[in-house]
Amino acid sequence: MKKTVTVFRGDGIGPELVDSVLQILEAAEAPLKYEIFNVGEAEWKRNGELIPQEALQSFEKTKILLKSPITTPVGTGFRSLNVTLRNQYDLYANIRPVRSNSAVHTPFPNVDIVIFRENTEGLYVGIEEKKDENTVHAIKVVTRKACERIIRKAFEYARENGRRKVTCVHKANILKQSDGMFLEIFRQLAGEYLDIEADDKIIDNTCMQLVMNPNQFDVMVMQNLYGDIISDLCSGLIGGLGLVPSANIGEGYAMFEAVHGSAPDIAGKHLANPTAFLWSACMLLEYVQENECAGRIRNAVDAVLHEGVHLTRDLHGIASTEEYTEAIIQELKKGGRKSG
């Protein structure tokens, strides 16, 4: 029985990534069916809607979304669709695994960090008030419920996946009530997971420590803005945003997307690297208990990366998106089709 998932094509390089990843999923015989919709800035310009109602209805039916990058205007225009979707469907846990690949050479060869980012609160609630022509107040919202569930999610993940440590990232030395509550809850919950080492670090010190010795970190948990910044920093340790997937998990819904944006400057130029989006699709497969299929795709990607012949430009190669995609498909064929 194939699982039906909703797919948003997005804009910028989004449609190219969707085309690439769906081809690879088909070659891997992933047991999935797709309901595909155009969303984002281009759709807004065409039809006056960022997300068509039928696209939202599809997600509400399938409860699983594979979403390609969507452009968000800077400073003006509409609100981030990512933020809107996370809040509307209470996708509170943003999970971003950042792992080195030996085929991608960086000064940090053994990074293996999983970032848990609270996804629904903090400064990203977007509450801003203009006091006068020279003063704007931005409100940071922190609730006990949201703190508890993201921190518990991080500890549960660590326990279920044999991870050794969870680090809380905060700025409680300055934000004594908001970040102070987050840290207080972290320390309380750590007492329920005595098999997992727990520590905490201030956000600015964390950034320094990550570029000095990232191997000291394992699972990290933090509020919304910190998670956005830290995950981009960590992507730089392993070779760039093109290598980092993510899952947005709630109680009833799940959305999978690459960490990077829509890169409109290279849209249509056949330069996009689909790896992060493909690995996000692998996280989706694992979410629906199709681990074997996800594993075969990961192995095929690793083989292409190690061969080093069909790499996109961000990986210091000259291959087009389509050539890289075809190389992965050929590796899947070499590995044989799934049994049964």
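To keep things clear, this report deals only with the structure shown in the data block.

Calculation criteria
Sequence order sets the numbering: in each chain, residues are counted from 1 along the sequence as written. Only residues with pLDDT of 70 or above have their local features reported here, since the model is predicted, and side-chain atom pairs are shown and tallied only from 80 upward, although totals for entire chains, interfaces and linings are computed over all residues. The basis for every side-chain value is the complete set of non-hydrogen atoms in the structure, without hydrogens or water. Numbering goes from the N terminus for both helices and strands, where a helix is a DSSP run of H or I of at least four residues and a strand is a run of E of at least two. Our radius of gyration looks at C-alpha atoms and nothing else; its globule reference is 2.2 Å times the residue count to the power 0.38. Residue contacts follow a heavy-atom distance rule, with two residues in contact if any of their heavy atoms lie within 4.5 Å. Under the convention used here, a 1.4 Å probe and the Shrake-Rupley method define accessible areas, while residue burial counts only the protein chains that appear. His residues and chain termini do not enter the charge count, which takes Lys and Arg as positive and Asp and Glu as negative. A charge is said to be at NZ when it belongs to Lys, at CZ for Arg, at CG for Asp and at CD for Glu. We call a residue buried when its accessible area falls under 20% of the maximum for its residue type, exposed when it is over 50%, and partly exposed in between, using a 1.4 Å probe and counting protein chains only. Side-chain atoms alone can form a polar contact between residues adjacent in sequence; in general such a contact is a pair of N or O atoms within 3.5 Å, and within protein one must be able to donate a hydrogen while the other accepts it. When we speak of the arc, we mean the arc of directions from the helix axis to the C-beta atoms. Buriedness of a pocket was judged along seven lines, with at least five required to meet protein on both sides within 12 Å; pockets are open sets of points on a 1 Å grid over the protein atoms alone, cavities are sets where a 1.4 Å probe fits but cannot get out, and lining residues have an atom within 4 Å of a point. Grid points are joined across faces, edges and corners, and a volume is the space filled by probe spheres set on the points. The residue classification treats Ala, Val, Leu, Ile, Met, Phe, Trp, Tyr, Cys and Pro as nonpolar and Asp, Glu, Lys and Arg as charged. All others, Gly included, are polar. Only one rule defines a salt bridge in this text: a Lys or Arg side-chain nitrogen within 4 Å of an Asp or Glu carboxyl oxygen. Angles run from 0 to 180 degrees between N-to-C directions of axes, and those axes are lines fitted to C-alpha atoms, restricted for helices to the stretch in contact. Geometric relationships in this document are graded by angle, where less than 35 degrees denotes roughly parallel, more than 145 denotes roughly antiparallel, 65 to 115 denotes roughly perpendicular, and other angles denote oblique.

1. Here we look at the overall build of the protein chain
Helices and strands together make up the secondary structure of the protein chain, namely 11 helices and 12 strands. The C-alpha radius of gyration computed for the protein chain amounts to 20 Å, which stays within 12% of the reference 20 Å derived for 340 residues, consistent with globular compactness. In terms of principal-axis extent, the alpha carbons of the protein chain reach across some 55 × 50 × 40 Å. Long-range pairs, those at least 24 residues apart, make up 72% of the contacts in the protein chain between residues at least 6 apart in sequence. About 15,400 Å² of surface is accessible on the protein chain, with carbon and sulfur atoms providing 51% of the total. Both charge centroids of the protein chain, one from 38 positive and one from 46 negative side chains, sit 2 Å from each other.

2. What to know about the side chain of Arg149
Looking at where Arg149 falls in the secondary structure, it is placed in helix α5 (residues 144–160). Owing to a relative accessible area of 17%, Arg149 belongs among the buried residues under this scheme. For Arg149, the side chain forms a polar contact with the side chain of Asp90, separated by 2.6 Å. Among all residues touching Arg149, those that are not within four sequence positions of it are Asp90, Tyr92 and Thr120.

3. Some details on the environment of Val98
Here Val98 lies in strand β4 (residues 93–99). Residue contacts for Val98: discarding those within four places in its chain leaves Val111, Asp112, Ile113, Ile115, Cys234, Ser235, Ile238 and Val244.

4. Some thoughts on helix α7 (residues 203–212)
Because each turn of an α-helix spans 3.6 residues, side chains separated by three or four positions end up pointing in the same direction. Within the sequence span of α7, burial applies to Ile203, Thr206, Gln209 and Leu210. Considered in projection along α7, the buried side chains sweep an arc of 115 degrees and stay on one side of the axis. In the core, the buried residues of α7 are packed alongside β5 (112–118), β8 (165–170), β9 (197–202), β10 (219–222) and α8 (224–238).

5. Comments concerning empty space enclosed by the protein
Under the counting rule described, the total for this entry stands at one cavity of 30 Å³ or more. Estimates place the volume of the largest cavity at around 50 Å³. Considering the residues around the largest cavity, the lining is formed by Glu118, Glu121, Gly122, Val141, Val142, Cys147, Phe182, Gln223 and Asn224. The class makeup of the residues in the lining of the largest cavity is four nonpolar, three polar and two charged.

6. As for the environment of Glu197
By the secondary structure assignment, Glu197 is in strand β9. For the pair Glu197 and Thr167, spaced 30 residues apart in sequence, the C-alpha separation works out to 8.4 Å. With sequence-adjacent residues up to four places away left out, Glu197 is seen in contact with Arg164, Lys165 and Val166.

7. A look at the pattern of salt bridges
A complete count under the given rule lists 23 salt bridges for this structure. For Asp228, the salt bridge is made with Arg117, and the minimal N-O distance between the two is 3.8 Å. Residue Asp228 is located in helix α8, and its partner Arg117 is located in strand β5; the two are separated by 111 residues in the primary sequence. A residue is classified by how much of its surface remains accessible, and Asp228, at 24% relative accessible area, is partly exposed. One salt bridge connects Lys171 with Asp204, and the closest N-O pair in it is separated by 3.2 Å. Note that Lys171 is positioned in the loop between β8 and α6 (178–190) and Asp204 in helix α7, a separation of 33 residues in sequence. When its relative accessible area of 46% is taken as the criterion, Asp204 is described as partly exposed. Salt bridges linked by common partners bring Arg99, Asp112, Arg163, Arg164 and Asp218 together as one network.

8. Overview of the packing of helix α1 (residues 14–27) against helix α11 (residues 321–334)
Viewed as axis vectors pointing N to C, α1 and α11 meet at an angle of 10 degrees, and their least axial separation amounts to 9 Å. With respect to their mutual orientation, α1 and α11 come out roughly parallel. Across the interface between the two elements, Glu16, Ser20, Gln23, Ile24 and Ala27 from α1 touch Thr321, Thr325, Ile328, Ile329 and Leu332 from α11. Looking at side-chain class alone, the contact of α1 with α11 contains five nonpolar, four polar and one charged residues.

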